[in-house]
Amino acid sequence: MLYSYFIPNEFVRSVFHITPKLLEEKGIKGIITDLDNTLVEWDRPDATPQLIEWFASMKAAGIQVTIVSNNKEMRVQSFADPLGIPYIYKAKKPLGKAFQQALKKMSVKKEEVVVIGDQLLTDVFGGNRQKLHTILVIPVAKSDGFITKFNRLVERRIFRYLDKKGQVTWEEEA
């Protein structure tokens, strides 16, 4: 069923609920993460101190992170380079090429990776089509760019459908 492609394996409130310990327990060695509204607000140029700490904890645990974003090179590069994090820009998610490139960059198997994102139509749909473990987070910002606004309208319809089927459950705030 088509809707199954839009169901993430997990729902969490933010990336900060995803810890190295939880990932290690699942045998995860790599993270493919979206940038805008997943890690920081779409209009915030740099990582927050809490996010820098999150990246450091992943690195210390030997978990690689690759940013995969549909945004332009300048946006993604200016965010990722100061952190020393590999990235793929203009990813054209939900198409599979960028996900495959990220797996290759990290030299990890599909079973050893999670995809983290804030959008069903790009991150979850794309990750699920590649048979990757997907984690949906609540968007960091309340506002979106033009294309994302359209995606959110479609997502609301999908969420209503999934909710009626009893398939939407968010992790409770710790």
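Okay, so let's go over this structure.

Definitions and limits used
- Residues numbered from 1 in each chain as written.
- Predicted model: local features only at pLDDT ≥ 70, side-chain atom pairs only at ≥ 80, totals over all residues.
- Heavy atoms only, no water.
- Helix = DSSP H or I, 4+ residues; strand = E, 2+ residues; numbered from the N terminus.
- Buried < 20%, exposed > 50% of the residue type's maximum accessible area, 1.4 Å probe, protein only.
- Contact = heavy atoms within 4.5 Å.
- Salt bridge = Lys/Arg side-chain N within 4 Å of Asp/Glu carboxyl O.
- Phe/Tyr/Trp six-rings, centres within 6.5 Å; stacked < 30°, edge-to-face > 60°.
- Pairing = 2+ DSSP bridges.
- Axes fitted to C-alpha atoms, helices over the stretch in contact; angles between N-to-C directions.

Looking at the side chain of Ser69
Right, on to step 1. Structurally, Ser69 can be placed in the loop between strand 3 (64-68) and helix 3 (73-80).
Right, on to step 2. With relative accessibility at 2%, the residue Ser69 sits in the buried group.
Right, on to step 3. With sequence-adjacent residues up to four places away left out, Ser69 is seen in contact with Asp34, Leu35, Asp36, Val76, Ile88, Tyr89, Lys90, Ala91 and Lys93.

Some details on the pattern of salt bridges
Pairing is possible between side chains of opposite charge, provided their charged atoms come close.
Right, on to step 1. Applying the stated criterion across every chain yields a total of seven salt bridges.
Right, on to step 2. In this structure, Glu41 engages Arg44 in a salt bridge whose closest nitrogen and oxygen atoms are separated by 2.7 Å.
Right, on to step 3. The class for Arg44 is partly exposed, based on a relative accessible area of 33%.
Right, on to step 4. Here Asp123 ties to Lys93 by a salt bridge, and the two come within 2.7 Å at their closest N and O atoms. You can see Asp123 sitting in helix 5 (residues 120-129) and its partner Lys93 sitting in the loop between strand 4 (87-88) and helix 4 (97-106), a full 30 residues away along the chain. Across the pair, Lys93 and Asp123 agree in class, each one buried.

Things to note about the packing of aromatic side chains
Right, on to step 1. Counted according to the given criterion, the structure contains four aromatic pairs.
Right, on to step 2. Plain terms: the ring middles of Phe6 and Phe125 are 4.8 Å apart, the flat faces sit at 15° to each other, and that makes the pair stacked. Residue Phe6 is located in the segment before strand 1 (10-12), and its partner Phe125 is located in helix 5; the two are separated by 119 residues in the primary sequence. Comparing Phe6 with Phe125, the two get one shared label, buried.
Right, on to step 3. Through a chain of ring-to-ring contacts, three or more aromatic side chains come together here, namely Tyr5, Phe6 and Phe125.

Describing the sheet that holds strand 3
Right, on to step 1. The strand order 1-6-5-2-3-4 describes an open sheet built from six strands, whose pairing is parallel. Strands at the two margins of the open sheet, each flanked by one partner only, are strand 1 and strand 4.
Right, on to step 2. Strand direction decides the pairing type here: strand 1 and strand 6 (residues 133-137), joined by three bridges, are parallel. The residue of strand 6 that forms the bridge with Glu10 is Ile135.
Right, on to step 3. On top of the sheet, helix 4 reaches strand 2 (30-33), strand 3, strand 4 and strand 5 (113-117); it is set at about 155° to strand 3, its chief contact.

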